Each structure stands twice: as structure tokens, then as C-alpha cells.
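# Structure at a glance
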Amino acid sequence: MQPMNKRYKITRLDDAGQPTLTLEECQAFFATQPDFVYMDSFGAAQDGVQMKISGHFFMWQVEGGQVPFRFYEGEIYVAITHPVVLDRAIHIAECLEALYIEG
């Protein structure tokens with residue numbers, strides 16, 4: 001099966017089209033999810049190069065790996081690499097009464 005590799009965002013917009021999710025709301029929600037861990041940075045390594053990104057990450061612990069859901073400027077971003085990630089992202093959007101869109 002070919003991985004999807006698309007970036008999606010979970011967002012809730014006000015009447016002016018501005019994102020309204022707050023970090024505090026997201027932290028409270030993800031704290032209720034036993035398979036998520038909050039991290040203030042995300043590290044990745046490829047071809048001997050290491051990179052660290054500061055920010056607000058909710059790391060989903062799944063199938064022996066981690067999938068980062070990043071909160072940034074009122075929205076949550078996630079790269080969809082497998083259908084199980086897509087299903088989880090859609091569920092999170094529903095719980096937060098938010099939209100799930102490509103972007």
C-alpha cells in the first residue's frame with residue numbers, strides 16, 4: 001500500500017475565518033487521551049542530519065512509533081502517512097467540533 005503523505009489541519013474558524021482553537025483547549029483535550037504525550041519540541045534525523053523544531057506537539061503513540069500533531073497559530077497540523085492516522089485525525093476534529101481540511 002502506498003503511503004498518503006499529505007498535510008492536513010484541524011481547525012475551527014470564527015465568522016471572520018480566523019482559527020479559534022487555543023493551546024489551553026488542545027492541552028486539556030489531549031490530556032484526556034491516554035495514547036498522546038505533550039512535547040515542546042520535535043526532533044528528526046535523516047542522512048546524518050539532526051533537526052529539532054520547537055513548538056507544541058501532541059505525540060500520538062501508535063504501533064511502536066510516534067505521529068506528531070502540531071499546534072500552531074490556532075490550528076493542529078498532521079501529516080497523513082497511513083489510513084490509521086487519517087481516522088484518528090478525523091476523530092480528533094469531531095471531538096473538538098472542528099473542521100478537518102487539507103492544508
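Notes on the structure in this doc start here. (Residues numbered from 1 in each chain as written. Predicted model: local features only at pLDDT ≥ 70, side-chain atom pairs only at ≥ 80, totals over all residues. Heavy atoms only, no water.)

## So, the side chain of E75
- Structurally, the position occupied by E75 is in strand β5 (residues 75-80).
- A polar side-chain atom of E75 sits 2.8 Å from a polar atom in the side chain of T11.
- At 2.8 Å, the side chain of E75 forms a polar contact with the side chain of Y77.
- In contact with E75, not counting residues within four places along its chain, are K9, I10, T11, P19, L21 and R70. (Helix = DSSP H or I, 4+ residues; strand = E, 2+ residues; numbered from the N terminus. Polar contact = N/O pair within 3.5 Å; in protein donor to acceptor, adjacent residues only side chain to side chain. Contact = heavy atoms within 4.5 Å.)

## Quick word on the environment of P68
- Positionally, P68 belongs in strand β4 (residues 65-72).
- Along the sequence, P68 and E102 sit 34 residues apart, while their C-alpha atoms lie 16 Å from each other.
- Residues in contact with P68, not counting those within four places in the same chain, are F42, F57, F58, M59, Y77 and V78.

## A look at the packing of aromatic side chains
- What the rule picks out here adds up to 10 aromatic pairs.
- A centroid spacing of 6.5 Å and a plane angle of 50 degrees characterise the contact between F30 and F69, whose relative ring orientation is tilted. One end of the pair, F30, is in helix α1 (residues 23-31); the other, F69, is in strand β4, with 39 residues separating them in the sequence.
- Centre to centre, the rings of Y38 and F58 are 5.5 Å apart; their planes meet at 55 degrees, and the pair counts as tilted. Taken together, the residues span a long stretch of sequence, with Y38 in strand β2 (residues 36-46) and F58 in strand β3 (residues 49-62) at a distance of 20 residues.
- We classify Y38 as partly exposed; its relative accessible area is 35%.
- Three or more aromatic residues link up through ring pairs in this structure, and these residues are F29, F30, F36, Y38, F58, W60 and F69. (Phe/Tyr/Trp six-rings, centres within 6.5 Å; stacked < 30°, edge-to-face > 60°. Buried < 20%, exposed > 50% of the residue type's maximum accessible area, 1.4 Å probe, protein only.)

## Some remarks on α1
- Looking only at α1, the buried set comprises L23, C26, F29 and F30. Taken around the axis of α1, the buried residues stretch over an arc of 130 degrees, which confines them to a single face. Within α1, the exposed residues directed more than 90 degrees away from the buried face are E24 and A31.
- Buried positions along α1 lie against β2, β3, β4, β5 and α2 (83-95). (Arc of directions from axis to C-beta.)

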